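Here is what each chain is made of, one letter per residue.
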Amino acid sequence: MNEFKSVLTVLTVLTNSSLIADDRGELTKFLRDLDPRVATASSTNADDLRSILSADIRQRRRAVNSDDVAAWRALRSKDDWETFQRDRIAALRESLGEFPDPPADLDVRVTKTLSGDGFEIDCLVFESRPGLLVTANLYRPDEPRPSMPGIMICHSHHNPKTQNELQDMGMNWARSGGLVLVMDQLGHGERRQHPFRTADDYAGDFQVGRQDYYFRYNVGIQLHLIGDSLIGWMVWDLMRGVDLLLDQPGIDSEQIILLGAVAGGGDPCAVAAALDERIAAAVPLNFGGPQPENVFPLPEDSALSFNYIGSGSWESTRNLRVSAGDGFLPWVIVGSVAPRRLIYAHEFSWDRENDPVWRRLQQIYNWYEVEENLSSLFGYGQVKMSSDVASHCNNIGEYHRKQIYPAFQKWFGIDAPDAEYRDRREWSDLYCVEGVDGADDIRLPRAHELANDVAINRTSRFRDRLRKLESPYDREFVRNSWRRVLGYVSPGRAMSDEERIESDGPVRVIRTTVQANGFSIPLMLLVPNQSAQRGSACVVAVAQGGKAGFLEHRSAEIAELLENGIAVCLPDLPGCGETSAGNYRARRSSATGISSSRLMFGGTIVGDRLRDLLSVVSWVRARDEINGDRIAIWGDSFAAVNSPDRNLIVPLGIGDEPDHSEPIGPMLSLLAGLYDDRIEAVLSRNGLVSMRSLLDSQFVHVPHDFVIPGALTAGDVADLALSLGGVPVRVEGLVDGTNRRADAETVSRDWGLLNKRDHAVELSREPTKDYAGWLVETIGQSK
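So, a few notes on the structure that sits alongside this text. (Residues numbered from 1 in each chain as written. Predicted model: local features only at pLDDT ≥ 70, side-chain atom pairs only at ≥ 80, totals over all residues. Heavy atoms only, no water.)

Observations regarding the pairing of strand β4 (residues 148–154)
- Burial of β4 is extensive: seven of the seven residues sit out of reach of the surface.
- Residue alternation in β4 divides its side chains into two sets, M148, G150, M152 and C154 and P149, I151 and I153, and both sets are buried.
- Note that β4 and strand β6 (residues 251–260) share six bridges and pair parallel. From the neighbouring strand, I153 faces β6, where its bridge partner is L259.
- Both β4 and strand β5 (residues 179–183) contribute to a ladder of four bridges, which runs parallel. Looking at β5, one finds that I153 is bridged to V182.
- Read as a crossover between parallel neighbours, the route from β4 over helix α6 (residues 164–175) to β5 is right-handed. (Buried < 20%, exposed > 50% of the residue type's maximum accessible area, 1.4 Å probe, protein only. Helix = DSSP H or I, 4+ residues; strand = E, 2+ residues; numbered from the N terminus. Pairing = 2+ DSSP bridges. Right-handed = clockwise from strand over helix to strand, strands pointing away.)

In structure tokens:
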């Protein structure tokens, strides 16, 4: 093992800002001019490679939907149903993350009270979890009643608690004798996670009213990293809202009602109702069955052909993690409300006759013999039609509310208004903190700040457990910890298709496709011509940009390796290089949709790529021209780094968003070193300084397919490097969560572990010039 080195010493010795080595002449030019493709652009195989991940998701979706249909058909009774849903709802709860203990005191603070005609509105703040404050409006009758229902409304992603339709419901049900709580959901309204409140807050054009919605993406990524989820935090807030209602004088604890608005309000509503049996009735709009985007009318064979699991997208509250893997599909979540009251609700036209979820719900309520507890509502027209001919609404429109009133009258005795009362206030009147006299001392922390605190705690727990083991940084413990968050990573057997060998140049170029783990992995193996003997050392190099990126940006370094008798293998792991669906990989990309879908099935793209990389390494190791005991992994990124003077405080959805990092290659190099004991060296370049750095601000510039839910419960990047024991590891060119070059303070914070352990890790904040030479020294012929 190398002699102990401090972080600062290593930084001083290795730092060199040059990114590209000097041109190495003809070999470098030869490599740079190589066609990186294995499939030709005109072949159908090229299209197959580009859609390899989306095809995998489609196949998984078909399999899960088919299994779900069979499982449903096997149910014959209430007991069957309860057994079926019990384990699935338990898995749902576990998937949401680690809930804290319910607070003994919500620390409710009313900052002002507004008076209306027959009702009053308390503008209040309460603490749902340590440090997390919730802003809410509580509508109540001006004269308290001896027994009052409690109604809570979860708003849509369109607008926060102050929106007009929410005011309508609050005022009218309060006038009818109810207590109505409307909270700002996390990330919305006064709880926004960004600084773009008005058009004046950014010099360029941007969608002011969509920033609360768009920043759900960043918050979702950040909460996943600590092992939690955005919907989990939203649901926890709703359950604490139930606590708040139950604390009100005169509340009827048997009449707690939860409504979830269209466009993202129905999701947390349904999940909260599934987990909290204190909720007596639920009205989740657009969740559980056909969505506004589904074809209308549904096909006659919809019982078999319907997509029960849904599809992944950047909106993490809609595509719940491991929902497809563990079977808590949206319809199961909604169905678990039974035998309590349920209104199955649709914003637009509804094909009642062919809706397979409706039939299932009817059967479930029939098993309980409470068919009267199931109702429905629906609108008219379709989502792509204008408001003139379709029942678009912002939360829950008047057309939809008219269908809710009879059910609430029947179930709870809540009188429906003859005509809805409307005396809407300016939205600012309903603020609880912003511009409110006497509320200047209230600070609403942002989610990333609280997530950072949680991350410190959970990473510390991992390190405390590690310290108690006999062997510091016990490799098997670290492997098991990462396996828990990555998903299945054991590599399958790798076999190659027909090889195309080009031996007329300065090196032998082998092009082939390796078949492993159900995927086709195109790769190039570059073998030095002068190495006639069997057993060349080999560097397996991986990056999001794939073999094309290495040949374009690292040809001189590859030439240096080849000139020193070291072979180089350039695989395009699924979704990388030749198998990538495209260069756009931000929030609304197909890559994000695929990654989100993979989370639904219980895996991660990082875990899948690690498994595929390990299969490629085993394929390389088995070749006659390679010495299987002298293999190194080189992970790199070719992404542009955001300069220090680039403005990163920008809205989402603009045309010129900052560049995002591509840390998959550097991360995979460390993970491969962890899981393959025979790897001789690891070079990790231009990767993240730490997962924790993604929590340092509300701005996150990393692709979604890098997200590993719970990563920070298994340590961090530095822990991975240290876990490799005596394997030589070189880490250089670190970037932070905003894809800027990590500063010295952040490096010291996140890599301070190096000062506490003996290790074989060399660290440089900046990328260096001599890394190819380091590989030659580490695994080369003279070794």
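Structure's up, so let's keep going.
Focus: the environment of I521
- Locating I521 in the fold gives a position in strand β13 (residues 519–528).
- Setting aside residues up to four positions removed in sequence, I521 forms contacts with T512, T513, V514, A516, P571, D572, L573, P574, D612 and V616. (Contact = heavy atoms within 4.5 Å.)

So, helix α10 (residues 266–275)
- For α10, a buried count of 10 out of 10 residues is recorded, marking the element as mostly surrounded by other parts of the structure.
- Among all positions of α10, only G266, D267, P268, C269, A270, V271, A272, A273, A274 and L275 are buried.
- In this structure, the buried side of α10 is in contact with α5 (78–95), β4, α9 (230–246), β6, β7 (281–284) and α13 (330–335).

Quick notes on the packing of helix α18 (residues 546–553) against helix α19 (residues 555–563)
- At a closest axis distance of 5 Å, the pairing of α18 and α19 adopts a crossing angle of 90 degrees. One way to sum up the angle between α18 and α19 is to call them roughly perpendicular. Along its contact with α18, which presents F550, L551 and H553, the element α19 presents S555, E557 and I558.
- Partitioned by chemical class, the residues of the contact of α18 with α19 number three nonpolar, two polar and one charged. (Axes fitted to C-alpha atoms, helices over the stretch in contact; angles between N-to-C directions. Parallel < 35°, antiparallel > 145°, perpendicular 65-115°, else oblique. Nonpolar A, V, L, I, M, F, W, Y, C, P; charged D, E, K, R; others polar.)

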